[in-house]
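The residues making up each chain are set out below.
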Amino acid sequence: MKAIETLYWSLDPVRPDPQVLARAGKILRRGGLVAFPTETVYGLGASALDPRAVARIFEVKGRPQDNPLIVHVAGPGEVAGLVEGEVPPQASLLIKLFWPGPLTLVLPAAPHLPPQVTAGLPTVALRMPAHPVALGLIAAAGVPVAAPSANLSGRPSPTTAQHVLEDLGGRIEAVLDAGPAAIGLESTVLDLTGPVPLILRPGGITPEELAEVLGEVRLAPGAGGEPCALPRPRSPGMKYRHYAPRAPLLLVEGDPQRVAGRIAELARGYLARGKAVGILAYEETAPLYRLPEGRVSLVVAGSRDNPRAVAAALFGALRRLDALGVDVILAEGMEPRGVGLAVMNRLRRAAGENVEKV
Ligand code: TXA
Ligand code: MG
């Protein structure tokens with residue numbers, strides 16, 4: 001891939017400069033790629049109506065062709081033009097309650113959408129992000145914006161503009177920097193095309209919150225992050241190892257004290273074999289590790305009592321452990337409830353087969 005110059009703009013997250021948004025919007029309209037902040041993670045945007053621009057997203061990320069993109073809109077009024085038929089009442093209700101915000105809705109796709117966006121599926125994923133820069137950019141572009149997370153495929157999603165530049169600097173036209181993403185994990189993806197609403201990916205809007213509004217809602221097989229045995233998962237993105245740091249990650253789940261005990265034991269084993277070890281722990285259990293000074297990198301990702309803070313810290317913590325050059329990451333599991341389910345989904349998928357229950 002030929003290197004290009006990546007323009008970098010730093011913006012006020014609350015009142016972004018309209019002139020910068022106008023310039024970035026023009027880049028999108030002309031088929032360029034612009035990375036931008038959202039409340040969940042940074043996205044890599046292209047005009048959803050431009051098949052060539054969308055194809056470049058797949059190219060620069062190294063994304064598998066069969067993994068469709070989320071189309072981002074600046075307001076609920078844009079939904080009707082992107083779906084086939086009427087907007088279902090359930091969708092309208094969820095939009096009213098949760099947009100703008102970290103909820104992506106899968107609906108029947110309007111026929112004019114390029115197949116590159118939907119990966120040839122008859123459905124489209126739609127989201128209105130809750131970030132003034134994202135909303136201003138989409139409005140300035142004047143087109144719906146297809147955007148996956150702005151990372152190289154398989155790597156942890158970017159929660160800062162720095163992460164974006166690490167992965168995609170020199171490959172995309174521009175990056176808008178508005179500081180760290182508040183939520184830190186990608187949106188909840190909810191499929192409304194079947195008989196029962198199905199959570200394809202847990203995120204900032206929890207199953208508990210959705211159940212309160214919808215009555216019945218199910219977790220798709222694999223959405224907890226456990227390896228998906230189905231030959232054709234509903235969300236193509238579920239079948240790949242994902243969110244993964246470079247070092248292999250071993251996840252230990254169970255009672256917090258026992259988890260810490262097992263991780264300390266594993267760490268000693270790796271140290272004895274001369275490996276550099278990284279540990280991902282929470283505030284409650286971090287003091288339990290009494291390991292040789294200087295030979296273990298301990299990264300604390302918030303408190304177990306506050307899964308939202310863990311979510312916000314998680315991807316940055318994984319990237320930090322990579323930057324420290326560890327050979328292996330030993331990660332503590334947490335309770336898969338509320339936003340904790342989204343955290344565990346990302347950790348389990350980063351671990352792949354390497355999950356131990358104690
Ligand atoms: O928070 C987010 O959702 C971020 C920000 C940038 O908005 N975006 C994001 O995009 O996480 P991406 O591409 O990394 O993840 C999109 C997920 C994938 O798992 C994909 O398979 C699924 O949504 N998806 C997209 N379109 C779909 C469809 N029509 N049916 C089922 N799943 C779909
Ligand atoms: Mg992604």
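The coordinates are above.
Quick word on the nonpolar core
Ranked by size, the top nonpolar core spans 46 residues in total, and within it Leu105, Leu190 and Leu210 carry the most contacts. Counting residues per element, the ones that place at least two in this core are strand 3 (43-47), helix 2 (51-61), helix 3 (89-98), strand 5 (103-108), strand 6 (123-127), helix 6 (161-168) and helix 7 (207-214). For this core, the leading source of residues is helix 2, giving five residues. Here Leu210 is in contact with Leu94, Phe98, Leu103, Thr188, Leu190, Ile199, Ile205, Gly215 and Val217, once residues within four sequence places are set aside. Within the second largest apolar cluster, 27 residues are counted, among which are Ala247, Leu251, Val326 and Ala351.

Remarks on unusual backbone geometry
The omega torsion of the bond from Trp99 to Pro100 falls at -10°, within 30 degrees of zero and hence cis. Residue placement: Pro100 occurs in the loop between helix 3 and strand 5. The phi angle at Ala119 is positive, at roughly 55°, despite the residue not being glycine. Along the chain, Ala119 falls in the loop between helix 4 (115-118) and strand 6.

A short note on the packing of aromatic side chains
Summed over the entire model, instances satisfying the criterion amount to zero aromatic pairs. The aromatic ring of Tyr270 is capped on one face by Arg273, whose charged end is 4.9 Å from the ring centroid.

Examining the pairing of strand 3
Counted residue by residue, strand 3 has five buried out of five residues, so it is predominantly covered. Alternating positions in strand 3 separate into two faces, Gly43, Gly45 and Ser47 on one and Leu44 and Ala46 on the other, with burial throughout. Summarising the sheet, strand 2 (residues 34-36) and strand 3 pair through three bridges and their orientation is antiparallel. Looking at the pairing, Ala35 lines up with Leu44 of strand 3. With two bridges connecting them, strand 3 and strand 7 (residues 145-146) associate as antiparallel partners. Opposite Ala46, over in strand 7, you have Ala146 as the bridge partner.

What counts and how
Residues numbered from 1 in each chain as written. Chains lettered and ligands numbered in written order. Predicted model: local features only at pLDDT ≥ 70, side-chain atom pairs only at ≥ 80, totals over all residues. Heavy atoms only, no water. Core = buried A, V, L, I, M, F, W, Y, C linked by side-chain atoms within 4.5 Å. Buried < 20%, exposed > 50% of the residue type's maximum accessible area, 1.4 Å probe, protein only. Helix = DSSP H or I, 4+ residues; strand = E, 2+ residues; numbered from the N terminus. Contact = heavy atoms within 4.5 Å. Phe/Tyr/Trp six-rings, centres within 6.5 Å; stacked < 30°, edge-to-face > 60°. Lys NZ or Arg CZ within 6 Å of the ring centre and 35° of its normal. Pairing = 2+ DSSP bridges.

Keep in mind these values describe shape, not function.
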